[in-house]
Amino acid sequence: MAWLSGLSPSVMVYDVKVLFTYLVLVGLAITIFSAAVFVIPASALAAVILIIPAWYFVQMAKARWDAVDPAGF
């Protein structure tokens, strides 16, 4: 969410494209890992793989956040 909307909740709520992209990305991850856990319960540990894209998205969000100069400061 931070990467897509730039840490602005109003962008997330009112921009349909951003909200749809967010829901699709989260939905895919939840569906894939849930299906894997139903097949092989020990595969729940594979969710640790999500640390890699999470780190990448956090870095991209930091760059986007730092690029915006807040008004009034």
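Going along each chain's sequence as written, the residues are numbered from 1 onward. Per-residue local features of the predicted model are confined to residues with pLDDT of at least 70, and side-chain atom pairs are confined, for both listing and counting, to 80 or more; whole-chain, interface and lining totals are unaffected and use all residues. For side-chain calculations, the full set of non-hydrogen atoms in the structure is used, while hydrogens and water are omitted.

Peer 1: Explain the overall build of the protein to me, and be specific about the residues and the numbers.
Peer 2: The way it works is that DSSP assigns letters per residue, a run of H or I at least four long becomes a helix, a run of E at least two long becomes a strand, and they are numbered from the N terminus. Helix and strand content of the protein: four helices and zero strands. When the helices and strands of the protein are placed in sequence order, the string is α-α-α-α. A simple rule labels every residue: compare its accessible area, found with a 1.4 Å probe on the protein chains alone, to the largest value its type can have, and call it buried under 20%, exposed over 50%, or partly exposed in between. Here the protein holds 73 residues, and 10% of them are scored as buried. To be clear on the numbers: accessible area is Shrake-Rupley with a 1.4 Å probe, and residue cover counts the displayed protein chains and nothing else. Accessible surface, the protein: about 5,900 Å² in total, of which carbon and sulfur atoms supply 78%.

Peer 1: Residues and numbers for the side chain of S43, please.
Peer 2: You can see S43 is positioned in the loop between α3 (16-39) and α4 (51-67). Whether two residues are in contact is decided by their heavy atoms, any of which lying within 4.5 Å being enough. Setting aside anything within four residues of it in sequence, one finds S43 in contact with A36 and V37.

Peer 1: Would you mind going over the packing of aromatic side chains in detail, with residue names and values included?
Peer 2: Ring pairs are drawn from Phe, Tyr and Trp, using the six-membered ring of Trp, whenever the two centres fall within 6.5 Å, and their geometry is named by plane angle: stacked under 30 degrees, edge-to-face over 60, tilted for the rest. Inspection of the entire model under this criterion finds one aromatic pair. Between Y56 and F57, the aromatic rings sit 5.9 Å apart at their centres with planes inclined by 55°, giving tilted as the arrangement. Look at F57 and you get partly exposed, because its relative accessible area is 31%.

Peer 1: Give a detailed account of a nonpolar patch on the surface, specifying residues and quantitative values.
Peer 2: Patch members must show over 30% relative accessible area and no salt bridge, and they are joined within 9 Å when carrying like charges or within 5 Å when they are nonpolar side chains of Val, Leu, Ile, Met, Phe, Trp or Tyr. Note on definitions: salt bridges are taken to be side-chain nitrogens of Lys or Arg within 4 Å of carboxyl oxygens of Asp or Glu. A cluster of nonpolar side chains, V16, F20, V24, L28 and I32, forms an exposed patch at the surface whose accessible area comes to about 500 Å². The class for V16 is exposed, based on a relative accessible area of 64%.

Peer 1: Go over the confidence of the model for the protein, please, and point to the residues and values.
Peer 2: pLDDT expresses, on a scale from 0 to 100, how confident the predictor is about each individual residue. Here the protein averages 77 in pLDDT, while 74% of its residues score no lower than 70. Per-element confidence in the protein ranges from a low mean pLDDT of 62 for helix α1 (residues 2-5) to a high of 86 for α3.

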